[in-house]
Amino acid sequence: MANFSGKPAQAALDKFKNRNIMDISSLSKEDLQTIMQTAAYYDQALAEHKRLYDMDGKIMAALFFEPSTRTRLSFESAMERLGGKVITVTETPAAQTSSTAKGETLYDSIRVVNYYVDVIACRSPIKGARFEIERAATVPYINGGDGSGEHPTQALLDVYTIYKEKGGLDGWTYAICGDLKYGRAPHSLLDALCKFDVKKIILASPEELRMPRENIDKIKDLGIEIEECFDLDYAAKNADVIYMTRVQRERFSSVEEYERNKNIFIMTQRHVDMFKEGAIILHPLPRVNEIAVEVDDYPGAAYFRQAGNGVPTRMALLALVTGSVK
Ligand code: NCD
């Protein structure tokens with residue numbers, strides 16, 4: 001992988017203007033490189049405490065119709081760091097504050113918000129909502145998670161984190177672990193890893209929470225070695241990058257299904273002791289109980305640093321799609 005320095009060439013930047021960030025499948029490997037290079041460029045500026053004005057005079061709408069801490073706050077921080085402004089709706093079906101409570105459709109809400117802002121970051125509890133939002137949006141739209149569907153900005157900050165922590169993405173064995181059925185972060189990460197020259201991807205989950213067939217079928221012709229297993233020990237022993245995820249309680253159809261699965265994959269010091277040299281652990285967070293707190297002391301426990309990388313990555317996305325990289 002290229003060692004990024006400076007911002008991408010103008011031709012690469014121009015390819016992003018007015019684009020939506022829907023999912024990873026609709027981005028090319030070159031697109032991922034451009035995003036990572038732009039993220040690295042802003043990361044450097046942040047490290048140097050530079051004041052940036054790339055998005056001066058622009059407004060982002062953060063429309064979050066599902067709980068969020070990292071995604072929304074890092075989008076908002078990213079916009080502020082670029083000198084832009086933010087307007088926000090945060091609500092859940094149980095506590096609605098926007099006109100959704102009056103029965104307005106997401107489509108209509110987006111049609112209106114188009115007039116207020118230059119870019120929209122939106123999270124919906126509905127899988128596939130990104131297609132409805134895309135139909136309504138006339139300003140660039142960035143998917144902040146659509147139900148159990150996709151979470152492209154998470155996958156982009158994940159690959160950027162792997163690049164920073166491991167010096168590149170090629171040649172490693174990856175293990176994506178936990179709730180691969182309902183977790184949108186694993187769905188998007190699988191697509192992202194497939195763009196690189198990875199050695200192998202282990203999909204480790206409780207039997208009931210396997211990666212959906214459609215997600216595996218989508219990548220099966222790429223010639224990447226995919227191995228499914230139901231054992232966290234195997235993943236811990238064999239992977240260079242171990243990606244843990246939370247069991248997505250809110251997406252289960254029954255309490256019993258959740259109860260049966262919630263404690264099957266828990267990473268402890270026992271697993272850390274099995275790791276390959278230099279292995280890292282990632283997690284999109286929030287963590288419930290799937291990584292014991294004792295594991296945080298392991299130097300390769302990178303999940304908090306990973307959350308921090310959400311800011312430069314989302315700065316890159318906001319600036320790219322609005323044609324604002326200065
Ligand atoms: C993830 C999400 O919302 O899908 N969180 C995040 O964006 N960092 C993972 C999760 O909620 O388990």
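Quantities reported herein were computed from a predicted structural model and do not represent experimental measurements.

Draft legend 1. Examining the pattern of salt bridges more closely. Taken as a whole and judged by the stated rule, the model has 23 salt bridges. Taking the shortest distance from any N to any O, the salt bridge between D233 and R270 comes out at 3.0 Å. Placement of D233 in helix α9 (residues 232-238) and of R270 in helix α11 (residues 269-272) is noted, with a sequence separation of 37 residues between them. Given a relative accessible area of 47%, R270 falls into the partly exposed group. In this structure, the salt-bridge partner of R246 is E250, at a minimum N-O distance of 2.9 Å. Judged by its relative accessible area of 46%, E250 falls in the partly exposed class.

Draft legend 2. View of a nonpolar patch on the surface. A cluster of nonpolar side chains, contributed by I87, V112, Y115 and Y116, occupies part of the molecular surface with about 460 Å² of accessible area. With respect to the helices, strands and loops of the structure, V112 is situated in helix α4 (residues 106-113).

Draft legend 3. Quick peek at the site of the ligand. Every residue near the ligand is listed here: R70, T71, R123, H151, Q154, R184, R246, Q248, P284, L285 and P286. Here an oxygen atom of the ligand sits 2.9 Å away from a polar atom, N or O, in the side chain of T71. Take Q154: an N or O atom from its side chain is 3.2 Å from a nitrogen atom of the ligand. When the ligand is considered free in solution it has 310 Å² of accessible area, and contact with the protein chains removes 94% of it. Broken down by class, the residue content of the shell around the ligand amounts to three nonpolar, four polar and four charged. The residues that make up the shell around the ligand include at least three from each of domain 1 (10-150 + 309-321) and domain 2 (152-307).

Draft legend 4. Local environment of the packing of aromatic side chains. Counted under the stated rule, the structure contains seven aromatic pairs. Measuring from ring centre to ring centre gives 4.7 Å for F4 and Y163, while their planes differ by 55°; the resulting arrangement is tilted. Of this pair, F4 sits in the segment before α1 (10-14) while Y163 sits in helix α6 (residues 152-166), placing them 159 residues apart in sequence. According to the relative accessible area criterion, F4 is buried, its value standing at 13%. Counting every residue linked through ring pairs, the aromatic cluster contains F4, Y160 and Y163. One cation-aromatic arrangement involves R19 over F16; the distance from NZ or CZ to the ring centre is 4.9 Å. When the ring centre of F75 is taken as reference, the NZ or CZ atom of R314 above it lies at 5.1 Å.

Draft legend 5. Up close: the environment of D197. Mapping D197 onto the fold places it in the loop between α7 (184-193) and β6 (200-204). Since its relative accessible area comes to 55%, D197 is described here as exposed. The contacts of D197, once residues within four sequence positions are left out, are D170 and G171.

Draft legend 6. Structural context of the side chain of Q154. Structurally, the position occupied by Q154 is in helix α6. Q154 sits in the buried class, given a relative accessible area of 5%. With sequence-adjacent residues up to four places away left out, Q154 is seen in contact with A185, Y243, P284, Q306 and R314.

Draft legend 7. Focus on the sheet that holds strand β2 (residues 85-90). Read from one edge to the other, the open sheet built from four strands follows the order β2-β1-β3-β4, with strand pairing classed as parallel. Two strands lie at the open edges of the sheet, namely β2 and β4 (141-146), each paired on one side alone. The average angle at which neighbouring strand axes cross in this sheet is 10°, direction not considered. When strand β1 (residues 59-64) meets β2, the two strands line up parallel, connected through six bridges. Paired with F64 across the two strands is T90, which belongs to β2. This element, helix α5 (residues 129-136), spans β3 (119-124) and β4 of the sheet and lies at about 160° to β4.

Draft legend 8. Structural context of the domain arrangement of the protein. The domains assigned to the protein are domain 1 (10-150 + 309-321) and domain 2 (152-307). A separation of 24 Å is found between the C-alpha centroids of domain 1 and domain 2. Counting from both sides, the interface comprises 37 residues of domain 1 and, opposite them, 30 residues of domain 2. Buried surface at the junction of domain 1 and domain 2, summed over both partners, amounts to about 2,600 Å²; 57% is from carbon and sulfur atoms. Connecting domain 1 to domain 2 are five salt bridges. Across the pair R251 and E66 runs a salt bridge whose closest N-O atoms are separated by 2.9 Å. Taken together, the links from domain 1 to domain 2 amount to 19 residue pairs in polar contact (both at pLDDT 80 or more). Taken together, the elements giving at least two residues each to the side of domain 1 that touches domain 2 come down to α2 (29-47), α3 (70-81), β3, β4 and α13 (310-321).

Criteria and thresholds
Residues numbered from 1 in each chain as written. Predicted model: local features only at pLDDT ≥ 70, side-chain atom pairs only at ≥ 80, totals over all residues. Heavy atoms only, no water. Salt bridge = Lys/Arg side-chain N within 4 Å of Asp/Glu carboxyl O. Helix = DSSP H or I, 4+ residues; strand = E, 2+ residues; numbered from the N terminus. Buried < 20%, exposed > 50% of the residue type's maximum accessible area, 1.4 Å probe, protein only. Patch = residues over 30% accessible without salt bridge, like charges linked within 9 Å, V, L, I, M, F, W, Y side chains within 5 Å. Areas by Shrake-Rupley, 256 points an atom, 1.4 Å probe, with all protein chains shown as cover. Near = heavy atom within 4 Å. Polar contact = N/O pair within 3.5 Å; in protein donor to acceptor, adjacent residues only side chain to side chain. Nonpolar A, V, L, I, M, F, W, Y, C, P; charged D, E, K, R; others polar. Domains from an automatic or database assignment. Phe/Tyr/Trp six-rings, centres within 6.5 Å; stacked < 30°, edge-to-face > 60°. Lys NZ or Arg CZ within 6 Å of the ring centre and 35° of its normal. Contact = heavy atoms within 4.5 Å. Pairing = 2+ DSSP bridges. Axes fitted to C-alpha atoms, helices over the stretch in contact; angles between N-to-C directions. Buried area = accessible area lost by both parts, 1.4 Å probe.

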